[in-house]
Amino acid sequence: MSTDQHKIPQATAKRLPLYYRFINNLHHQGKLRVSSKELSEAVKVDSATIRRDFSYFGALGKKGYGYNVEYLLSFFRKTLDQDELTKVALIGVGNLGTAFLHYNFMKNNNTKIEMAFDADKGKVGEEVGGVSVYHIDQLEDMLKNTDVAILTVPSSEAQNITERLVEAGVSGILNFTPARITVPDHVRVHHIDLSVELQSLVYFLKHYPLDEEE
Ligand code: ATP
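Residues numbered from 1 in each chain as written. Predicted model: local features only at pLDDT ≥ 70, side-chain atom pairs only at ≥ 80, totals over all residues.

In the annotation of an unreviewed UniProt entry, the entry for the chain reads Redox-sensing transcriptional repressor Rex, and the organism field reads Sediminibacillus albus. Quoted verbatim from the Subunit (unreviewed entry) field of UniProt, the annotation for the chain is "Homodimer." (UniProt positions renumbered as here; feature names shortened; annotations may be inferred.)

A short note on the nonpolar core
In terms of nonpolar packing, the biggest core is built from 25 residues, with Ala89, Leu90, Ile91, Ala116, Ala149, Ile150 and Leu151 touching the most fellow members. Of all the secondary-structure elements, those providing two or more residues to this core are β3 (86–91), β4 (111–118), β6 (131–135), β7 (148–151) and α8 (155–167). If one sorts the elements of this core by residue count, β3 sits on top with 4 residues. Not counting residues up to four positions away in its chain, the partners in contact with Ile150 are Val88, Leu90, Phe100, Leu174 and Phe176. (Core = buried A, V, L, I, M, F, W, Y, C linked by C-beta atoms within 7 Å. Buried ≥ 20, exposed ≤ 12 C-beta atoms within 10 Å, placed from the backbone. Helix = DSSP H or I, 4+ residues; strand = E, 2+ residues; numbered from the N terminus. Contact = placed C-beta atoms within 7 Å.)

Description of the site of the ligand
In the vicinity of the ligand lie 18 residues, with Gly92, Gly94, Ala119, Asp120 and Ile136 positioned nearest. Broken down by secondary-structure element, the contributors of at least two residues to the shell around the ligand are α6 (95–102), β4 and α8. Examining the composition of the shell around the ligand, we find that 3 residues originate from one element, α6, more than from any other. (Near = placed C-beta within 6 Å.)

Considering the sheet that holds β4
With mixed pairing, 7 strands are arranged side by side in an open sheet as β5-β6-β4-β3-β7-β8-β9. With partners counted over all chains shown, the strands left at the sheet margins are β5 (127–128) and β9 (188–191), one partner each. Across 6 bridges, the pairing between β3 and β4 is parallel. Opposite Val88, over in β4, you have Ile113 as the bridge partner. Its contacts with the sheet place α6 against β3, β4, β5, β6 and β7, and it is angled at close to 145 degrees to β4. (Pairing = 2+ DSSP bridges. Axes fitted to C-alpha atoms, helices over the stretch in contact; angles between N-to-C directions.)

Details of the pairing of β7
Alignment of β3 against β7, held across 4 bridges, turns out to be parallel. Across the sheet, Ile91 pairs through a bridge with Leu151, a residue of β7. Here 4 bridges tie β7 to strand β8 (residues 172–175), and the two strands are oriented parallel to one another. The residue of β8 that forms the bridge with Ala149 is Ile173. Regarding topology, α8 serves as the crossover connection from β7 to the parallel β8, and that connection is right-handed. (Right-handed = clockwise from strand over helix to strand, strands pointing away.)

Regarding the domain arrangement of the chain
Here the chain is described as being made up of domain 1 (2–79) and domain 2 (86–197). For domain 1 and domain 2, the distance between their C-alpha centroids amounts to 31 Å. (Domains from an automatic or database assignment.)

As for the packing of helix α2 (residues 10–28) against helix α3 (residues 36–43)
The description of two packed helices rests on the angle between their axes and on the distance between the axes. Packing of α2 against α3 brings their axes to within 11 Å, and their N-to-C directions diverge by 110 degrees. Taken together, the axes of α2 and α3 are roughly perpendicular relative to one another. Crossing angle aside, the handedness with which α2 passes α3 is right-handed. From α2, Leu18, Tyr19 and Phe22 reach across to α3, where they touch Leu39, Ala42 and Val43. By residue class, the composition of the contact of α2 with α3 is 6 nonpolar, no polar and no charged. (Parallel < 35°, antiparallel > 145°, perpendicular 65-115°, else oblique. Left-handed = near helix turned anticlockwise from the far one by under 90°. Nonpolar A, V, L, I, M, F, W, Y, C, P; charged D, E, K, R; others polar.)

Quick notes on the UniProt feature "binding site: NAD(+)" (unreviewed entry) in the chain
Here the UniProt-annotated "binding site: NAD(+)" (unreviewed entry) positions come out as Gly92, Val93, Gly94, Asn95, Leu96 and Gly97. Positionally, Val93 belongs in the loop between β3 and α6. With respect to the helices and strands, Gly97 occurs in helix α6. Leave out the neighbours within four places in its chain, and Gly97 touches Leu90, Gly92, Ala116 and Thr152.

So this is what it looks like as structure tokens:
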């Protein structure tokens, strides 16, 4: 499976979790097959793209028959490492960080926030959403076998903490701060700036209104 994964284009790989979530729901409902049309309507990806994506997964849909749900589910589980729990650390237990600690990521994917860090002594030692909060000074001691970190600290702290995370062996960072952080080549950063996303949505609504339904 791992050799095949290299052949999946990045754009297809990005849609994998989306497909996985939908197929998992179908499986829970006891469905055995799904057509590319049904998939297309549910995940809002056009059916030609779905057929191309699924050909990379080795899934052959038959006309009028659809794709085998069981096969797809086991493919996605293996490819997304769903059988292996990914441990995540969260840095910065402010408003956003607290919300993430209360959010159940396990519901849809196999990731779990195992520990949190903050510089505020009032927050250290607390449990938020069942996750213990440690002092940021303990980062290097506590972070063992943790590949992924969520960054919800103030922007001014982002670069410094990133460097410590990288030094501690973290290879993936989900950055919710507006700061553009610099990392070595082997580290992947996904940047989510909620205010920019919101502003962008408002801009698009104003300047690129969607056609009214006929
Ligand atoms: P709050 O209202 O709880 O302060 P916020 O999200 O508005 O939340 P921010 O100033 O963005 O506050 O800070 C987010 C969190 O990051 C806070 O809990 C803060 O204590 C923590 N923090 C600040 N500096 C650091 C640091 N160097 N290391 C770890 N955590 C930090």
